[in-house]
Amino acid sequence: MNMKALLLASSFLLVSSTALPVKAESNTVHFVNTTVTSMKQGENTGPLRHDKVPNMPPKNPFLVDGPSALTHWNPAQTDATVIPGPTGIKQIPEEKIQRFPGGLINISYVNGPVYPTGEQVIWLANNNRIAKVMIENDQSKLIAEYKIPGQPYLSPQEANAVTDKLDSFTSERDLLDYINTHFSNYGEKYSVRSGVYPVMDFEGNFYTVVNDSIMVFGDKVSHDPYSEIELKRKLTLPKEILNPNAKLTDAILGLNMTYDGYLVFATLGGVVGVVDRDFQEQPQYIKLDGETISNSFALDEKGGIYVVSSNYMHKFVWDGKKLSDRSEDGAWKSAYDVDGEAGGIKLDAGSGSTPTLMGFGDDEDKLVVITDGSEVMNIVAFWRDEIPADFTQQAGTKSRRIAGQMKVNFGQDQLEEAQSEQSVAVLGYGAFVVNNSLPDKLPTKLENVVVSGVTRAGPKGVEKFEWDPKKNQWKRAWANPHVNAPSVVPMVSAGSNQAYFNRYVEGAWEITGVDWDTGEVKTRLILGDSQAFNGAYSLIQLLPNGDLVYGGLTGYLKINTK
């Protein structure tokens, strides 16, 4: 297989970290009024090309207005949007691909508030830098970046050199030798410990985590879109909060924001806490006994905090003053099936998915959804609130709290292993699951993510399930065993009625879209064979104009889809 790069720095726009401010022009992309909080079938959905848009999560007034205030798009972590995505099969020309080279593994963007003068920026984070990018239809511009002290910084030139080197190898052995020599255990040591789940509040404060600290960044000059970035404040958790006995050295992993404006955090070692945004009060926290956390978590508008650990699905409750795990306050926990061990691209045993809320507004059932830790995983729905009095527990489930579960086999009855490290993408009562289990695993996360589907066979299959609120059970909508989504978080667009993901097929990386109703491939945006296009744990995201943004292995990518 030819692993030579189709492109180097000359093929990409190399965005310098010393870029000078450029006056905003009329083609700046604005994010105002792009979110939809509740749209029912039959209502006017404006530019949407699909008219069956279910209730969406309610807007959190303390988060920035726009399509992506935090990783997984919203506090409910649905990975779904009303923005129409691209449709059709085409090769994307180089001039329509803009790359922002940086460190290895880049997860998601969050949008900033619209400036008084009309400019709009997105903020990018990874394990070594914070960056601010002016969004325009044609060529977006890097405005500023902030190097995170103590992290392994890669300059744009160095990131391009790494891309060039990765693409130069003609044998898998040489490729893996290079990774293990220069980036040994990079995912475990650095990527999971910094910049994974950022949050942007309505005042333009950008929150991210670095090891044991929550760091808050913003503009050095208020209301100036071309301002440098400054560190506004920082909270380092006291040692007594962190878990000294954690299987992985404890660090803050997930962030989210309650509907009354408090930050919620979770650590790898099994600590869940709440703190005010200004860090004026002492954090409140709960330590889980013998449990680890390897995903972020979901929030509802009533103070429910939904965390999946290596052993249990938890609901904690924040009432504005107190964090509780007591049943009398509405909290609960439920065991779920945990058979498989960590491996491949999975960080830890148990569920590999950030919990996703399902059911909003006047929807009949309110659920929280994960994939479990079985060798061939199940999709599992838990009742978020009171369990219906007439509900009968499903045979084979761990508790009555489980509303329903079903085996995920991607239309392949012979599967011996199927696991996912991605959250379940949810739109209405539909749930989309991808397969991340490599048939032949390697020891570290970065090794697996670089070779999966490229130099060795990757996982196959995506599948959609639908929840039936009348029968209180899952049903299979469709499965497509012929496509693969090896390591990227999928996205569902109600506007184009498609689910999107990143894959390597026929010698090139592409963004693939499948029909939400049938699973048929509707979109293929073919990018090239470079590892720069490898999504590597990132999210597929849209800008309001339908352009795509996702994190490539060595830098973020903006793709003009027109």
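Residues numbered from 1 in each chain as written. Predicted model: local features only at pLDDT ≥ 70, side-chain atom pairs only at ≥ 80, totals over all residues. Heavy atoms only, no water.

Caption draft 1: Just the packing of helix H1 (residues 156-168) against helix H2 (residues 172-182), in detail. H2 packs onto H1 with a crossing angle of 150 degrees between their chain directions and a minimal axis gap of 9 Å. Considering their axes alone, H1 and H2 lie roughly antiparallel with respect to each other. Contacts between H1 and H2 pair Val162, Lys165 and Leu166 from the former with Leu175, Tyr178 and Ile179 from the latter. Among the residues making up the contact of H1 with H2, the classes are represented as five nonpolar, no polar and one charged. (Axes fitted to C-alpha atoms, helices over the stretch in contact; angles between N-to-C directions. Helix = DSSP H or I, 4+ residues; strand = E, 2+ residues; numbered from the N terminus. Parallel < 35°, antiparallel > 145°, perpendicular 65-115°, else oblique. Contact = heavy atoms within 4.5 Å. Nonpolar A, V, L, I, M, F, W, Y, C, P; charged D, E, K, R; others polar.)

Caption draft 2: Region of interest: the packing of aromatic side chains. All chains considered together, the criterion is met by 17 aromatic pairs. Relative to Trp478, the ring of Phe432 has its centre 6.1 Å away and its plane inclined at 55 degrees; by these criteria the two rings are tilted. In this pair, Phe432 is assigned in strand S26 (residues 430-434) and Trp478 in strand S28 (residues 473-480), connecting sequence segments 46 residues apart. Ring-pair connections join several aromatic residues into one group, and the members of that group are Phe169, Tyr178, Phe183, Tyr186 and Tyr190. Across from the ring centre of Tyr153, 4.5 Å away, lies the NZ or CZ of Lys147, which sits over that ring. We note Lys333 situated over the ring of Tyr312; from NZ or CZ to the ring centre the distance is 4.2 Å. (Phe/Tyr/Trp six-rings, centres within 6.5 Å; stacked < 30°, edge-to-face > 60°. Lys NZ or Arg CZ within 6 Å of the ring centre and 35° of its normal.)

Caption draft 3: Layout of the confidence of the model for the protein. Of the residues in the protein, 90% have a pLDDT of 70 or more, and the chain-wide mean is 89. Here residues 1-50 scores under 50 on pLDDT; set against residues more than four positions off or in separate chains, the count is 137 contacts. (pLDDT = per-residue confidence, 0-100.)

Caption draft 4: Highlighting H1. Between its first and last C-alpha atoms H1 spans 18 Å; for 13 residues at 1.5 Å apiece the expected length is 18 Å, and the two agree. All of the buried residues along H1 are Pro156, Ala159, Asn160, Val162, Thr163, Leu166 and Asp167. The buried residues of H1 occupy an angular sector of 155 degrees when projected down its axis, which confines them to one face. (Expected span 1.5 Å × (residues − 1). Buried < 20%, exposed > 50% of the residue type's maximum accessible area, 1.4 Å probe, protein only. Arc of directions from axis to C-beta.)

Caption draft 5: Focus on the sheet that holds strand S3 (residues 97-101). Here we have four strands laid out as an open sheet, ordered S3-S35-S34-S33, and antiparallel in their pairing. The two strands at the open ends of the sheet, each matched to only one other strand, are S3 and strand S33 (540-542). Each adjacent strand pair in this sheet contributes to an overall mean axis angle of 25 degrees, direction not counted. The sheet contact formed by S33 and strand S34 (residues 548-552) spans three bridges and is antiparallel. Directly across from Gln541, in S34, lies its bridge partner Val549. (Pairing = 2+ DSSP bridges.)

Caption draft 6: Seen up close, the side chain of Ser334. Note on placement: Ser334 falls in strand S20 (residues 332-335). Within the structure, Ser334 has its side chain in polar contact with the side chain of Ser399 (distance 2.6 Å). If we skip the residues at most four places from it in the chain, Ser334 touches Asn311, Tyr312, Met313, Phe382, Ser399, Arg401 and Ile402. (Polar contact = N/O pair within 3.5 Å; in protein donor to acceptor, adjacent residues only side chain to side chain.)

Caption draft 7: Main features of the nonpolar core. Leu104, Phe432 and Leu446 are the most contacted members of the largest nonpolar core, which has 68 residues in total. Residues within four places of Phe432 in sequence aside, it is in contact with Val424, Ala425, Val462, Glu463, Trp478, Pro490, Ala499, Phe501, Val514 and Trp516. (Core = buried A, V, L, I, M, F, W, Y, C linked by side-chain atoms within 4.5 Å.)

Caption draft 8: Looking closely at the pairing of strand S13 (residues 262-267). Here S13 lies mainly inside the structure; six of its six residues are buried. Along S13, one buried face is formed by Tyr262, Val264 and Ala266 and the opposite face, lined by Leu263, Phe265 and Thr267, is buried too. As defined by bridge partners, strand S12 (residues 252-257) adjoins S13 across five bridges and the pair is classed as antiparallel. Each bridged residue has a counterpart across the sheet, and for Met257 the counterpart in S13 is Leu263. Hairpin connection between S12 and S13: a loop of four residues separates the two successive antiparallel strands, and Gly261 in this loop has a positive phi of roughly 90 degrees. Relative to strand S14 (residues 271-276), S13 is paired through five bridges, and the arrangement is antiparallel. Of the residues in S14, the one forming a bridge with Val264 is Val274.

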